[in-house]
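The lines below spell out each chain.
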2 protein chains.
Amino acid sequence: MTHQLYWTEDPAPLLRVEPGFRLAEASANAHPGFAGGKAEGVAALAAGATRLADLQERLFANSRMGDQRRVLLVLQAMDTAGKGGIVKHVVGSVDPQGVQLAAFKKPTEEELAHDFLWRIHRQTPGAGMIGVFDRSHYEDVLIARVHGFAPPEEIERRYGAINDFEAELAEAGTSIVKVMLHLSRDEQRVRLLERLDRADKHWKFNPGDIDERGHWGAYTDAYQVAFDRTSTPIAPWHVVPADRKWYARLAVQHLLVAALERLHLEWPAADFDVAEQRERLLASE
Amino acid sequence: MTHQLYWTEDPAPLLRVEPGFRLAEASANAHPGFAGGKAEGVAALAAGATRLADLQERLFANSRMGDQRRVLLVLQAMDTAGKGGIVKHVVGSVDPQGVQLAAFKKPTEEELAHDFLWRIHRQTPGAGMIGVFDRSHYEDVLIARVHGFAPPEEIERRYGAINDFEAELAEAGTSIVKVMLHLSRDEQRVRLLERLDRADKHWKFNPGDIDERGHWGAYTDAYQVAFDRTSTPIAPWHVVPADRKWYARLAVQHLLVAALERLHLEWPAADFDVAEQRERLLASE
């Protein structure tokens, strides 16, 4: 993509998980590739929104002519890291008709009666759509690992199953963008406190969030294993520093724009005779 | 709702279909209740977006505490009248996580194997959501009537079935906002021509649109009957002049805001002890 004013470097390779990456040592407060501060970040996000909306419309338009390509954004993070803000401020800037949003909560009894990818597969985006997973199949190797919801050999099996599944999606025309919003433990305390201190935020707070916070180290380990096992060339992970909301949003927008730009989307050609239809229209009452 | 600067009158009662309303005599070019022009309309839409987003968040927040209420916007119109623009510019201004969008196309074989409300019912919004129907169960008394897709006695039966269905939804906590975007035949020609004259709009054009245009009078009749039979006190129709896109968007936004304001949405009270959770959080690592 054209690097705008304050982008000093393409952030995608800087954020991508490569062999040797250590989550425990990664900064949650950095802003890789972006030289500006919050004000510049907010302005860059607004500018990028126009570009993202244009690319989304082209993707959608092409699907009407049989193009099977689609994009899937996978969002994972600890509580309060800002998944909701990404959906609202990044995804929310494109036409809702081109977005397929799926939030995966605690599995229902029906979902548990199937293999872990059953509920995931049915929510994958259709041709021309941008799909967004707010949590995903990775919960089945994260919370499931931390709390022992499945036996170790089943968790082991899942990493391979996930790689096969994602390879299959990619083969069917899906560009997969996997993002972990990386929040620091201190910043989480600040954000949880804000939810407790503001009456208009109480509904977002859940006492269970503090219990989960107690497993911070175990989650860091579980993410590390997930990265080691599932950051593939076809579907690499990106770890996006999320202590600064403006940067996380900007970075995810950038990753989406880059994924769409790699598709080289032109407006599709008409599959009818334009002059003939023009005449028919003008002849109509 | 607080009447903003250029609203001279609450448009809801002006747009509402009351006994004696005649679609064939209604203006598609008027802007009932709004004294400004396009520039003022666009500014008012931006101001209203903030209000709508706030109300949507309150609706969503309350559903987390068990509130069953939700809103359903039903959009019907002739081709090019601007349903897509309403979704993009009005609905698109609220958090996508609070929106459930359903576009009803030509029914599939599976859908046709059920009664006409089967596919509709399963797309009704959940608690706390704003549901949007881009086309709806009304297609089954509009296109179905115009083209004779069902026998007359079945069409007759459907008006009553629709009223029962909507009454049931309302009883379960759904505020129903039914909108017909009223476009003139001349303006449709202009918009179809634009789709033919711009390469980036070709994908939106379908030669079948000109065929449907040929049934304009029959559609007007079918809408009239639908209004006569299904504009009920619990779910009245609104006919929104749509030759000016800015007015149609503003009017639909107003109807949504008014529906939400009637719910008197406060932020829900915490269902946990705030001081106790605050202490737990501060004691955590």
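The structure we're discussing is the one just above.
In short, a report on the structure. (Residues numbered from 1 in each chain as written. Chains lettered and ligands numbered in written order. Predicted model: local features only at pLDDT ≥ 70, side-chain atom pairs only at ≥ 80, totals over all residues. Heavy atoms only, no water.)

## As for the overall build of chain A
Of the regular secondary structure elements, chain A holds 12 helices and five strands. Each of the three principal axes of chain A carries a C-alpha extent, and together these read 70 × 45 × 40 Å. Evaluated residue by residue, chain A yields a buried proportion of 53% over its 285 residues. Once local pairs closer than 6 in sequence are excluded, the contacts in chain A between residues at least 24 apart make up 81%. (Helix = DSSP H or I, 4+ residues; strand = E, 2+ residues; numbered from the N terminus. Buried < 20%, exposed > 50% of the residue type's maximum accessible area, 1.4 Å probe, protein only. Contact = heavy atoms within 4.5 Å.)

## Points about the pairing of strand β1 (residues 70–77) of chain B
Residues and elements named next belong to chain B. The buried fraction of β1 is high, at eight of eight residues. Taking every second residue as pointing to the same face, both faces of β1 are buried, with Arg 70, Leu 72, Val 74 and Gln 76 on one and Val 71, Leu 73, Leu 75 and Ala 77 on the other. Sheet analysis places β1 next to strand β3 (residues 130–134), joined by five bridges and oriented parallel. Within the sheet, the bridge partner assigned to Val 71 lies in β3 and is Ile 130. (Pairing = 2+ DSSP bridges.)

## Here we look at the sheet that holds strand β5 (residues 237–241) of chain B
Residues and elements named next belong to chain B. With respect to topology, five strands assemble into an open sheet ordered β2-β3-β1-β4-β5, the strand pairing being parallel. Each having just a single partner strand, β2 (99–103) and β5 make up the two edges of the open sheet. Ignoring which end each strand starts from, the neighbouring axes of this sheet average 20° apart. Summarising the sheet, β1 and strand β4 (residues 174–182) pair through eight bridges and their orientation is parallel. Residue pairing for β4: Leu 72 is matched across the bridge by Ile 176. Sheet contacts for helix α7 (residues 152–171): β1 and β4; angle to β4, the most-contacted strand, approximately 135°. (Axes fitted to C-alpha atoms, helices over the stretch in contact; angles between N-to-C directions.)

## Examining the interface of chain A and chain B
Contact with chain A, which involves 43 residues of that partner, is made by 43 residues of chain B. Remark: the boundary between chain A and chain B carries six salt bridges. Run the count over chain A and chain B and you get 16 residue pairs in polar contact (both at pLDDT 80 or more). By residue class, the composition of the side of chain A that touches chain B is 21 nonpolar, six polar and 16 charged. (Salt bridge = Lys/Arg side-chain N within 4 Å of Asp/Glu carboxyl O. Polar contact = N/O pair within 3.5 Å; in protein donor to acceptor, adjacent residues only side chain to side chain. Nonpolar A, V, L, I, M, F, W, Y, C, P; charged D, E, K, R; others polar.)

## As for the environment of Ile 86 of chain B
All names here are of chain B. Counting through the fold element by element, Ile 86 comes out in helix α3 (residues 83–89). Taking the C-alpha atoms as reference points, Ile 86 and Ala 248, 162 residues apart in sequence, are found 7.9 Å from one another. Leave out the neighbours within four places in its chain, and Ile 86 touches Leu 75, Val 91, Leu 181, Ala 248, Arg 249 and Val 252.

## Describing the environment of Ala 61 of chain A
Here Ala 61 of chain A is to be found in helix α2 (residues 38–63). When the C-alpha atoms of Ala 61 of chain A and Ala 35 of chain A are compared, they prove to be 35 Å apart, with 26 residues separating the residues in sequence. If we skip the residues at most four places from it in the chain, Ala 61 of chain A touches Trp 267 and Pro 268 of chain A together with Trp 203 of chain B.

## Thoughts on the packing of helix α7 (residues 152–171) of chain A against helix α10 (residues 216–230) of chain A
Residues and elements named next belong to chain A. Where α7 contacts α10, the axes come no closer than 10 Å and their chain directions differ by 50°. When the interaxial angle is binned, α7 and α10 end up oblique. The crossing of α7 and α10 is right-handed. Across the interface between the two elements, Glu 156, Tyr 159, Ile 162, Asn 163 and Glu 166 of α7 pack against Val 225, Ala 226, Arg 229 and Thr 230 of α10. Residue classes in the contact of α7 with α10 are distributed as four nonpolar, two polar and three charged. (Parallel < 35°, antiparallel > 145°, perpendicular 65-115°, else oblique. Left-handed = near helix turned anticlockwise from the far one by under 90°.)

## Observations regarding the sheet that holds strand β1 (residues 70–77) of chain A
Residues and elements named next belong to chain A. Judged by pairing direction, the sheet is parallel, and its five strands sit side by side in the order β2-β3-β1-β4-β5 without closing on themselves. In this open sheet, the two strands that pair with only one neighbour each are β2 (99–103) and β5 (237–241). In this sheet, adjacent strand axes meet at a mean angle of 20° when their direction is disregarded. Across the sheet, α10 is in contact with β1, β4 (174–182) and β5; its angle to β5 comes to roughly 140°. Packed on one face of the sheet, helix α11 (residues 245–261) meets β1, β3 (130–134), β4 and β5 and runs near 150° to β5.

## Observations regarding a positive patch on the surface
On the surface, Lys 38, Lys 88, Lys 204 and Lys 245 of chain A cluster together into a positively charged patch. With respect to the helices and strands, Lys 204 of chain A occurs in the loop between α8 (185–197) and α9 (207–213). (Patch = residues over 30% accessible without salt bridge, like charges linked within 9 Å, V, L, I, M, F, W, Y side chains within 5 Å. Areas by Shrake-Rupley, 256 points an atom, 1.4 Å probe, with all protein chains shown as cover. Lys, Arg positive; Asp, Glu negative; His and termini not counted. Charge placed at Lys NZ, Arg CZ, Asp CG, Glu CD.)

## Let's talk about the packing of aromatic side chains
Residues and elements named next belong to chain A. Within the structure shown, the criterion is met by 24 aromatic pairs over all chains. An angle of 40° between the planes, with centres 6.0 Å apart, marks the rings of Tyr 6 and Phe 34 as tilted. Within this pair, whereas Tyr 6 is found in the segment before α1 (11–15), its partner Phe 34 is found in the loop between α1 and α2, the two being separated by 28 residues in sequence. The exposure class assigned to Tyr 6 is partly exposed, which follows from its relative accessible area of 34%. Feature note: the residues Tyr 6, Trp 7, Phe 34, Trp 246 and Tyr 247 constitute an aromatic cluster, connected by ring pairs. Sitting over the face of the ring of Trp 118, Arg 122 holds its NZ or CZ atom 4.4 Å from the ring centroid. The cationic tip of Arg 158 hangs over the ring face of Phe 116; the distance from NZ or CZ to the ring centre is 5.0 Å. (Phe/Tyr/Trp six-rings, centres within 6.5 Å; stacked < 30°, edge-to-face > 60°. Lys NZ or Arg CZ within 6 Å of the ring centre and 35° of its normal.)

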